[in-house]
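Observations on the model geometry
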Amino acid sequence: MKIIHSSDWHIGRALHGRKRYDEFESYLNWLLETIKQNEINAILVAGDIFDSSVPGNRAQELYYRFLSEVSSSSCRHVVIIAGNHDSPSFLNAPRKLLRFLNVHVVGNSSEELNDEVLVLCDQDDKPELIVCAVPYLRDRDIRSSEAGESLEDKEKKLLDGIREHYAAVGALAEQKRTELGLDIPIVGMGHLFTAGGRTIEGDGVRELYIGSLALVKASSFPACFDYTALGHLHVPQRVNGSETIRYSGSPLAIGFGEANQKKSICQVDIENGAVTVKLIEVPVWQKLESIKGNWNEIENRIGELVAIDSSAWLEIIYQGDEIISDLQERVVASVEDSKLEILRIKNTRLIDRVLEQSGIEETLDDLDENEVFERCLASHEVPQDQRRELLSTYQELLVSYCEKDRQKE
Ligand SMILES: [Mn+2]
């Protein structure tokens with residue numbers, strides 16, 4: 001049994017306003033070729049298929065074209081779970097139709113555990129693999145909140161709920177395997193943040209749960225899982241050093257912070273109970289580079305890139321002491337007649353200086369949601385001892401806002 005595990009495609013996501021459909025298309029074409037060449041039998045996509053809960057038509061076209069092409073290849077099974085960026089009802093809407101292509105979609109968790117425990121059969125209709133396809137578990141899917149609960153109570157309930165959910169699907173998978181009387185592998189899936197996971201600033205990994213303690217432990221996954229295919233973190237990594245509990249990571253660098261990262265997908269081979277995992281590196285179709293430093297350093301690096309006829313997309317972060325008021329003009333002039341494209345210019349010096357005075361040059365783009373709220377608390381002179389609770393209440397509100405499935409009617 002040869003399986004590919006990928007996640008966090010974020011189809012449709014733009015980078016500082018620059019659309020990236022060519023890269024998404026190149027990735028899906030490459031993935032299809034890789035599946036054919038390596039004679040892969042199943043692909044598991046662990047959430048965040050789309051970047052938005054209302055993906056544009058071009059994003060949808062890429063997704064459906066990939067599904068129709070993959071289903072006519074050696075790949076007998078496609079299993080897709082929703083991530084926190086996906087709309088569960090949007091992913092679920094075509095699920096009955098997609099079943100005819102051997103594509104299984106699990107958009108949300110329901111009372112019916114059978115929907116998450118899939119028995120997949122080979123071409124002779126003989127069961128060959130069980131997949132516990134657990135989607136991103138929304139707070140309301142698992143936790144029944146009560147008035148007057150402390151933050152710690154809420155977090156504990158959430159973690160207990162996630163662990164119990166995995167224990168229940170694991171038990172059901174084992175029960176099904178026993179009933180079948182076949183020694184077939186069980187693979188788990190999930191879209192969550194595990195304790196010890198690595199992220200990179202600016203990678204757009206949205207905080208999933210309220211507070212910071214609610215990180216799922218690797219031991220929450222049942223022992224019967226031969227492999228656990230996770231999504232959400234964009235850096236490819238093992239969980240807790242385990243070879244068989246992994247994040248595949250995103251196939252594209254989602255932000256400049258990931259520019260130098262090697263992206264990969266996991267190929268998981270399961271043969272007579274033995275699991276081997278190898279990483280297949282994803283090619284880079286669009287080079288990204290972040291150039292930081294004083295003006296001389298920035299100018300020199302741009303010069304080097306122009307000389308090699310680079311077509312990289314650049315982020316320029318000016319950190320020099322000298323005050324440069326025409327930074328934008330200088331940068332634009334330095335890439336003139338080249339293939340380089342400037343996506344973002346940040347003048348930290350200017351911000352530092354102006355912040356000392358009035359803060360007016362700071363734009364919303366430079367702050368995340370929590371920082372905006374912290375500024376709000378500061379400007380209203382809210383006492384320090386009240387801020388922690390207000391911030392956690394605000395985060396709770398933010399999570400429930402992000403999790404609302406607006407397209408659902
Ligand atoms: Mn995610």
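Residues numbered from 1 in each chain as written. Predicted model: local features only at pLDDT ≥ 70, side-chain atom pairs only at ≥ 80, totals over all residues.

Okay, helix α2 (residues 57–70) next. One full turn of an α-helix is made of 3.6 residues, so residues set three or four places apart face in the same direction. Taking 1.5 Å per residue, 14 residues should reach 20 Å; α2 reaches 20 Å between its end C-alpha atoms and fits that length. Those residues of α2 that sit buried are Ala 59, Leu 62, Tyr 63, Phe 66 and Val 70. Buried residues of α2, seen end-on, are gathered within an arc of 95 degrees and therefore sit on one face of the element. Exposed side chains of α2 directed beyond 90 degrees from the buried face belong to Asn 57 and Ser 68. Residues of α2 that are buried make contact with α1 (21–37), β2 (42–46) and β3 (77–81). (Helix = DSSP H or I, 4+ residues; strand = E, 2+ residues; numbered from the N terminus. Expected span 1.5 Å × (residues − 1). Buried ≥ 20, exposed ≤ 12 C-beta atoms within 10 Å, placed from the backbone. Arc of directions from axis to C-beta. Contact = placed C-beta atoms within 7 Å.)

Taken together, the three strands give an open sheet; going across it, the order is β13-β14-β15, and neighbouring strands pair in parallel fashion. Only two strands of the sheet have a single partner each, and these edge strands are β13 (288–293) and β15 (341–347). Between one strand axis and the next, the sheet turns by 15 degrees as a mean value, whatever way the strands run. Two elements, strand β14 (residues 313–318) and β15, share six bridges in a ladder whose sense is parallel. Bridge assignment links Leu 314 to a residue of β15, and that residue is Ile 342. Each of β13 and β14 is contacted by helix α7 (residues 295–307), which is oriented at about 150 degrees to β13, the strand it contacts most. Contacts between helix α8 (residues 327–334) and the sheet are confined to β14 and β15, with β15 contributing the most and set at about 155 degrees to the helix. (Pairing = 2+ DSSP bridges. Axes fitted to C-alpha atoms, helices over the stretch in contact; angles between N-to-C directions.)

Structurally, Thr 244 can be placed in strand β10 (residues 242–247). When the C-alpha positions of Thr 244 and Asp 405 are compared, they lie 32 Å apart, and in sequence the two are 161 residues distant. The contacts of Thr 244, once residues within four sequence positions are left out, are Asp 226, Tyr 227, Thr 228, Val 275 and Val 277.

It is at 11 Å that the axes of helix α10 (residues 369–379) and helix α11 (residues 384–403) come closest, and there the two elements cross at 140 degrees. When the axis of α10 is compared with that of α11, the two are oblique. You can see that α10 and α11 cross each other, and the crossing is right-handed. On α11, the residues that touch Glu 369, Phe 373 and Leu 377 of α10 are Arg 387, Leu 390, Leu 391, Tyr 394 and Leu 398. (Parallel < 35°, antiparallel > 145°, perpendicular 65-115°, else oblique. Left-handed = near helix turned anticlockwise from the far one by under 90°.)

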